[in-house]
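Close look at the chain arrangement
The lines below spell out each chain.
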Amino acid sequence: SARKIAAAAGIPDNKYMVAFQSRLSAAGPVWIQPYTDETIAELGKNGVKKLACVVPSFAVDCLETLEEIGIRGKEDFLDNGGEEFELISCLNASDRWADGLVDILKDCAPVVQ
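Please read all numbers here as calculations on a predicted model, not as lab measurements. (Residues numbered from 1 in each chain as written. Predicted model: local features only at pLDDT ≥ 70, side-chain atom pairs only at ≥ 80, totals over all residues. Heavy atoms only, no water.)

Moving on, we come to a negative patch on the surface. A grouping of Asp95, Asp99, Asp103 and Asp107 is seen on the molecular surface, where their side chains present a negatively charged patch. As for its position among the elements, Asp107 is in helix H4 (residues 95-108). (Patch = residues over 30% accessible without salt bridge, like charges linked within 9 Å, V, L, I, M, F, W, Y side chains within 5 Å. Areas by Shrake-Rupley, 256 points an atom, 1.4 Å probe, with all protein chains shown as cover. Salt bridge = Lys/Arg side-chain N within 4 Å of Asp/Glu carboxyl O. Lys, Arg positive; Asp, Glu negative; His and termini not counted. Charge placed at Lys NZ, Arg CZ, Asp CG, Glu CD. Helix = DSSP H or I, 4+ residues; strand = E, 2+ residues; numbered from the N terminus.)

Structure below.
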């Protein structure tokens with residue numbers, strides 16, 4: 001997803017990265033890294049001034065992401081030297097997304113008589 005989003009937006013390979021928000025305790029003491037919260041703070045510390053985050057694993061904004069990334073992530077970035085932070089909204093209830101979902105369901109779901 002990240003490569004396709006970056007390519008569609010014209011973002012060069014060296015100008016984006018992937019980090020992982022969730023940390024599932026059932027997976028053990030260490031989850032997939034780098035962790036998003038730590039990465040956001042480090043980017044600010046390392047001189048990045050503008051940061052936009054997109055969460056392509058969700059079709060709609062959820063409270064967890066809005067709070068962890070949109071509020072705490074923004075605070076962490078700004079507190080560590082960043083100047084501008086933007087959480088890109090998910091597709092939510094956009095007409096294009098809703099129409100696409102209906103098309104997928106029509107293609108995949110059996111017709112009930």
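For the rest of this paragraph, the subject is the packing of aromatic side chains. In total, this model carries one aromatic pair according to the counting rule given. Each ring, one from Phe77 and one from Phe85, has its centre 6.1 Å from the other, and the planes form 50°; the classification is tilted. Residue class for Phe85 comes out buried when judged on its relative accessible area of 9%. (Phe/Tyr/Trp six-rings, centres within 6.5 Å; stacked < 30°, edge-to-face > 60°. Buried < 20%, exposed > 50% of the residue type's maximum accessible area, 1.4 Å probe, protein only.)

Looking now at the side chain of Thr65. Within the secondary structure layout, Thr65 lies in helix H3 (residues 63-79). For Thr65, a relative accessible area of 2% translates into the label buried.

All right, on to the pattern of salt bridges then. Tallied over the entire structure, the rule returns three salt bridges. A salt bridge links Arg72 to Glu67, with the shortest nitrogen-to-oxygen separation between them at 2.8 Å. Exposure remark for Glu67: the relative accessible area of 32% places this residue in the partly exposed category. A salt bridge links Arg72 to Glu68, with the nearest nitrogen and oxygen atoms 4.0 Å apart. Remark: Glu68 and Arg72 occur in helix H3; sequence separation between them is four residues, near one turn of the helix. Each of Glu67, Glu68 and Arg72 takes part in one network of salt bridges that share partners.

It is worth spelling out the state of the cysteines at this point. A disulfide bridge is the covalent bond that connects two cysteines by way of their sulfur atoms. Within this structure, the stated rule accounts for zero disulfides. Take Cys53: it sits in no disulfide, and the sulfur closest to it among the cysteines is that of Cys90, at 12 Å. The buried category is assigned to Cys53, whose relative accessible area is 12%. Considering cysteine sulfurs only, Cys62 is the nearest to Cys90, which forms no disulfide, with 7.2 Å between them. Since its relative accessible area comes to 12%, Cys90 is described here as buried. (Disulfide = S-S within 2.5 Å.)

Moving on, we come to the pairing of strand E1 (residues 50-53). Regular strands place side chains that alternate from one sheet face to the opposite one. Burial of E1 is one-sided: the residues Leu51 and Cys53 facing one way are buried, the residues Lys50 and Ala52 facing the other way are not. Relative to strand E2 (residues 84-87), E1 runs parallel, the two sharing four bridges. Opposite Cys53, over in E2, you have Leu87 as the bridge partner. Following the backbone out of E1, through H3 and into the adjacent parallel E2, one traces a crossover that is right-handed. (Pairing = 2+ DSSP bridges. Right-handed = clockwise from strand over helix to strand, strands pointing away.)

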